[in-house]
Amino acid sequence: QKEVEQNSGPLSVPEGAIASLNCTYSDRGSQSFFWYRQYSGKSPELIMFIYSNGDKEDGRFTAQLNKASQYVSLLIRDSQPSDSATYLCAVNVMNTGFQKLVFGTGTRLLVSP
Amino acid sequence: GAGVSQSPSNKVTEKGKDVELRCDPISGHTALYWYRQRLGQGLEFLIYFQGNSAPDKSGLPSDRFSAERTGESVSTLTIQRTQQEDSAVYLCASSPAGGSHQPQHFGDGTRLSIL
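Please read all numbers here as calculations on a predicted model, not as lab measurements.

## Let's talk about the sheet that holds strand β7 (residues 61–66) of chain A
All names here are of chain A.
Link 1 in the chain: In spatial order, the strands read β1-β3-β8-β7-β6; together these 5 strands make up an open sheet with antiparallel pairing. For this open sheet the edge positions go to β1 (4–6) and β6 (54–58), each flanked by a neighbour on one side alone. Between one strand axis and the next, the sheet turns by 20 degrees as a mean value, whatever way the strands run.

## Structural notes on the interface of chain B and chain A
Link 1 in the chain: Tallying the contact residues gives 22 residues for chain B and 23 residues for chain A.
Link 2 in the chain: Interface of chain B and chain A: buried area, both sides summed, is about 1,800 Å²; carbon and sulfur atoms make up 55% of it.
Link 3 in the chain: Counting the contacts that link chain B with chain A gives 1 salt bridge.
Link 4 in the chain: A class-by-class count of the residues in the side of chain B that touches chain A yields 8 nonpolar, 11 polar and 3 charged.

## A look at the pairing of strand β7 (residues 65–69) of chain B
All names here are of chain B.
Link 1 in the chain: Strand direction decides the pairing type here: β7 and strand β8 (residues 75–79), joined by 5 bridges, are antiparallel. Residue pairing in the sheet places Ala-67 in a bridge with Leu-77 of β8.
Link 2 in the chain: From the end of β7 to the start of β8, which pair antiparallel, there are 5 residues, and Gly-71 there has a positive phi angle of about 60 degrees.

## So, the environment of Cys-23 of chain A
Residue and element names in this part refer to chain A.
Link 1 in the chain: Considering the arrangement of structural elements, one finds Cys-23 in strand β3 (residues 19–25).
Link 2 in the chain: Since its relative accessible area comes to 1%, Cys-23 is described here as buried.
Link 3 in the chain: C-alpha separation for the pair Cys-23 and Gly-106, spaced 83 residues apart in sequence, amounts to 9.0 Å.
Link 4 in the chain: Excluding residues that lie within four positions of it along the chain, Cys-23 makes contacts with Val-4, Glu-5, Gln-6, Trp-35, Gln-70, Tyr-71, Val-72 and Cys-89.

## Considerations on the side chain of Arg-64 of chain B
Link 1 in the chain: Mapped onto the elements of the fold, Arg-64 of chain B is located in the loop between β6 (53–56) and β7.
Link 2 in the chain: Once residues lying within four places of it in the same chain are set aside, the contact partners of Arg-64 of chain B are Thr-78, Ile-79, Gln-80, Arg-81, Thr-82, Gln-83, Glu-85 and Asp-86 of chain B.

## Observations regarding the state of the cysteines
Link 1 in the chain: Scanning the model with the defined rule gives 2 disulfides over all chains in all.
Link 2 in the chain: Across the disulfide, Cys-23 of chain A is cross-linked to Cys-89 of chain A (sulfur-sulfur distance 2.1 Å). Judged by the sign of its S-S torsion, about -70 degrees, the cystine formed by Cys-23 of chain A and Cys-89 of chain A is left-handed. One end of the pair, Cys-23 of chain A, is in strand β3; the other, Cys-89 of chain A, is in strand β9 (residues 85–95), with 66 residues separating them in the sequence. By the burial criterion, Cys-23 of chain A is buried, and Cys-89 of chain A matches it.
Link 3 in the chain: Here Cys-23 of chain B is linked by a disulfide to Cys-92 of chain B, with a sulfur-sulfur distance of 1.9 Å. Disulfide Cys-23 of chain B-Cys-92 of chain B: torsion about the S-S bond near -65 degrees, hence left-handed. Pair noted here: Cys-23 of chain B is in strand β3 (residues 19–24) and Cys-92 of chain B is in strand β9 (residues 88–95), with a separation of 69 residues, a long-range link.

Quick notes on the rules
Residues numbered from 1 in each chain as written. Chains lettered and ligands numbered in written order. Predicted model: local features only at pLDDT ≥ 70, side-chain atom pairs only at ≥ 80, totals over all residues. Heavy atoms only, no water. Pairing = 2+ DSSP bridges. Helix = DSSP H or I, 4+ residues; strand = E, 2+ residues; numbered from the N terminus. Axes fitted to C-alpha atoms, helices over the stretch in contact; angles between N-to-C directions. Contact = heavy atoms within 4.5 Å. Buried area = accessible area lost by both parts, 1.4 Å probe. Salt bridge = Lys/Arg side-chain N within 4 Å of Asp/Glu carboxyl O. Nonpolar A, V, L, I, M, F, W, Y, C, P; charged D, E, K, R; others polar. Buried < 20%, exposed > 50% of the residue type's maximum accessible area, 1.4 Å probe, protein only. Disulfide = S-S within 2.5 Å.

Below, the structure is given as structure tokens:
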């Protein structure tokens, strides 16, 4: 069973703090990892993607990938109340040569002013 | 438009009726995906199109569900004889190609409610 697991939260952080969101996955063959942000009642919005071990930074967001330990994380620096949303981790499962994403159930982040 | 467009945005129908959900992908995107998201749940993969072909339809929950894509563009997801458990948000996503490094971009979804 190919799975992606996330803590459902809520993860509560004060404004200005660093929010750390974690995701583990079971398929060692996975090659691509994505973080989506989903506001309540809205569709998922791509935030970050990472393919190689290590860190990838984009503005206030940093994605971290450790394939040996099968985890991927998202750090949000200087968290803002507008960052309050559910963050979905998605991992590709190569199936007949195309990208098939398996999503975690998401971590709800609450940033308090 | 620049993004993935889905219609209708909301659909309320009676149990047993058929429904059609439409997706217009980003222009030029050859890969198209349908997902279902039940309330408070993660996204469930339904079907993948590469061009007009569907190499993987393994996520379709029953034979009441079908989908097609024409002109390597618009896709329609059809649910026949709807049941209450079909109530969910149906999301469409597209990507430039089907390769593993291609991020998927989502539409706003169709919220389907079965009475």
